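Observations on the three-dimensional arrangement
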Amino acid sequence: AAGFFLPATTFDDRRFADLARHFVSPDGKTARFTIDTNADPYSIQAMRLAQQITDVANAARPNTTLADARVAVAGFPAVNADIQRLLSADFTQLAIATLVIVGLILVALLRAIIAPLYLLGTVILNYLASLGIGVIVFQWILGYQIAWPVPLLAFIILVAVGADYNMLLVSRLREESTANLRVGVLRTVANTGSVITSAGLIFAASMFGLMIGSVAIMFQVGLIIGCGLLLDTFLVRTLTVPAIATLLGQVSWWPQRPSRRRAPAVAPVPREVVGTP
């Protein structure tokens, strides 16, 4: 019920033989099929289609002369599908390794344990919030799936930048909080707010510039990372981190405490000896 008919004279045609050489191996045991679809090769739909083609071909092999044959799909969507499976399996390990390395660096620079913990916690929450904004915009509103490299790229960039800026903020907070913590928070936000905020705005503007491109991955990366940088600039480092530091107080610097500044010693004023005439 399936197949097609070729006259015997077809194989005598040189044009057919030259063309068939690209699709059938000389020993006749390997055949190549060219599949053309209207799916975007960069999309998740194309990757699912490549896997579906493989599954359907493997399901059709049993109880046929091709039962021992091997089916493979090549092309850009198939390569992306393989990379996606690898990254999906390794994403947990990559995330844990990134957080551990960044956390150890924060512990070494701040010489504390509690402060690095809530700094990493705020960075993770900021990443989840920015990824949630991307889901709302692309999947709920626009009806597009988020490309598979976007969460990994956003995680690495937002964790690195967020932890870096938060470390600068907390380092200045530790210096300013030797006398009074609340006063130190006010001074830290006032002194470092403009510099760190300007850096965050410049970085966010650079990410939003990717949205001009025509590639969907660039557009999604630009929006998600840009929104994450704005959240980190105006919400995390301006309100969340100073509020947590104020609530925890000196516990943030455990197991060490910042050295308190001593008031400069005042030399005693010698009494003037008044002589009598």
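Residues numbered from 1 in each chain as written. Predicted model: local features only at pLDDT ≥ 70, side-chain atom pairs only at ≥ 80, totals over all residues. Heavy atoms only, no water.

Our focus in this paragraph is the layout of surface pockets. Approximately 1300 Å³ is the volume attributed to the largest pocket. Lining the largest pocket are 32 residues, and of these Ala31, Arg32, Phe33, Val71 and Ala72 lie nearest its centre. Of all the secondary-structure elements, those providing two or more residues to the lining of the largest pocket are helix H2 (44-59) and helix H3 (76-110). Of the residues that constitute the lining of the largest pocket, the class distribution is 22 nonpolar, 5 polar and 5 charged. Considering only enclosed or pocket space, the second largest pocket measures out at about 430 Å³ in volume. For the second largest pocket, the lining is made up of 17 residues, of which Ser43, Tyr144, Gln145, Ala216 and Gln220 are closest to its centre. Put simply, the parts of the chain that give the lining of the second largest pocket at least two residues each are H2 and helix H7 (216-248). Of all the elements, H7 adds the most residues to the lining of the second largest pocket, at 4 residues. (1 Å grid on protein atoms, 1.4 Å probe; cavity = no way out; pocket = protein on both sides within 12 Å on 5 of 7 lines; lining within 4 Å. Points joined across faces, edges and corners; volume = space filled by probe spheres on them. Helix = DSSP H or I, 4+ residues; strand = E, 2+ residues; numbered from the N terminus. Nonpolar A, V, L, I, M, F, W, Y, C, P; charged D, E, K, R; others polar.)

A few words now on the side chain of threonine 197. Following the sequence through the fold, threonine 197 ends up in helix H6 (residues 181-208). Those residues in contact with threonine 197, other than ones at most four positions away along the chain, are Thr233, Phe234 and Arg237. (Contact = heavy atoms within 4.5 Å.)

For the rest of this paragraph, the subject is the side chain of aspartate 232. Within the fold, aspartate 232 resides in helix H7. Judged by its relative accessible area of 2%, aspartate 232 falls in the buried class. Setting aside chain neighbours within four positions, we find aspartate 232 in contact with Asn126, Gly162, Tyr165, Asn166 and Arg237. (Buried < 20%, exposed > 50% of the residue type's maximum accessible area, 1.4 Å probe, protein only.)

Let's shift gears to the nonpolar core. Core analysis: the biggest nonpolar cluster contains 40 residues, and Leu106, Leu119, Val170, Ile224, Ile225, Leu229 and Val241 have the highest contact counts within it. For this core, the secondary-structure elements that each account for two or more residues are H3, helix H4 (114-141), helix H5 (149-176), H6 and H7. The contacts of valine 241, once residues within four sequence positions are left out, are Tyr118, Leu119, Thr122, Asn166, Leu169, Val170 and Val236. (Core = buried A, V, L, I, M, F, W, Y, C linked by side-chain atoms within 4.5 Å.)

We now examine the packing of H3 against H4. For any two helices packed against each other, the geometry comes down to the angle between their axes and how far apart the axes lie. Two elements in contact, H3 and H4, have axes separated by 9 Å at closest approach and are oriented at 140°. With respect to their mutual orientation, H3 and H4 come out oblique. By crossing handedness, the relation of H3 to H4 is classed as right-handed. Taken together, the residues of H4 that come into contact with H3 (itself represented by Phe91, Leu99, Val102, Gly103, Leu106, Val107 and Leu110) are Ala115, Pro116, Leu119, Leu120, Ile124 and Tyr127. Residues of the contact of H3 with H4, tallied by class, amount to 12 nonpolar, 1 polar and no charged. (Axes fitted to C-alpha atoms, helices over the stretch in contact; angles between N-to-C directions. Parallel < 35°, antiparallel > 145°, perpendicular 65-115°, else oblique. Left-handed = near helix turned anticlockwise from the far one by under 90°.)

Our next topic: the packing of aromatic side chains. Counted under the stated rule, the structure contains 3 aromatic pairs. For the ring pair tyrosine 127 and phenylalanine 155, a centre distance of 5.2 Å and an interplane angle of 85° mean the geometry is edge-to-face. A residue pair is termed long-range when its members are at least 10 positions apart, and tyrosine 127 in helix H4 and phenylalanine 155 in helix H5 qualify at 28 residues. We note that tyrosine 127, like phenylalanine 155, is buried. Each ring, one from phenylalanine 138 and one from phenylalanine 219, has its centre 5.7 Å from the other, and the planes form 80°; the classification is edge-to-face. Here phenylalanine 138 is found in helix H4, whereas its partner phenylalanine 219 is found in helix H7, with 81 residues between them in sequence. You can call phenylalanine 219 partly exposed: its relative accessible area is 28%. Among the aromatic residues, ring-to-ring pairing joins Phe91, Tyr127 and Phe155 into one connected group. (Phe/Tyr/Trp six-rings, centres within 6.5 Å; stacked < 30°, edge-to-face > 60°.)

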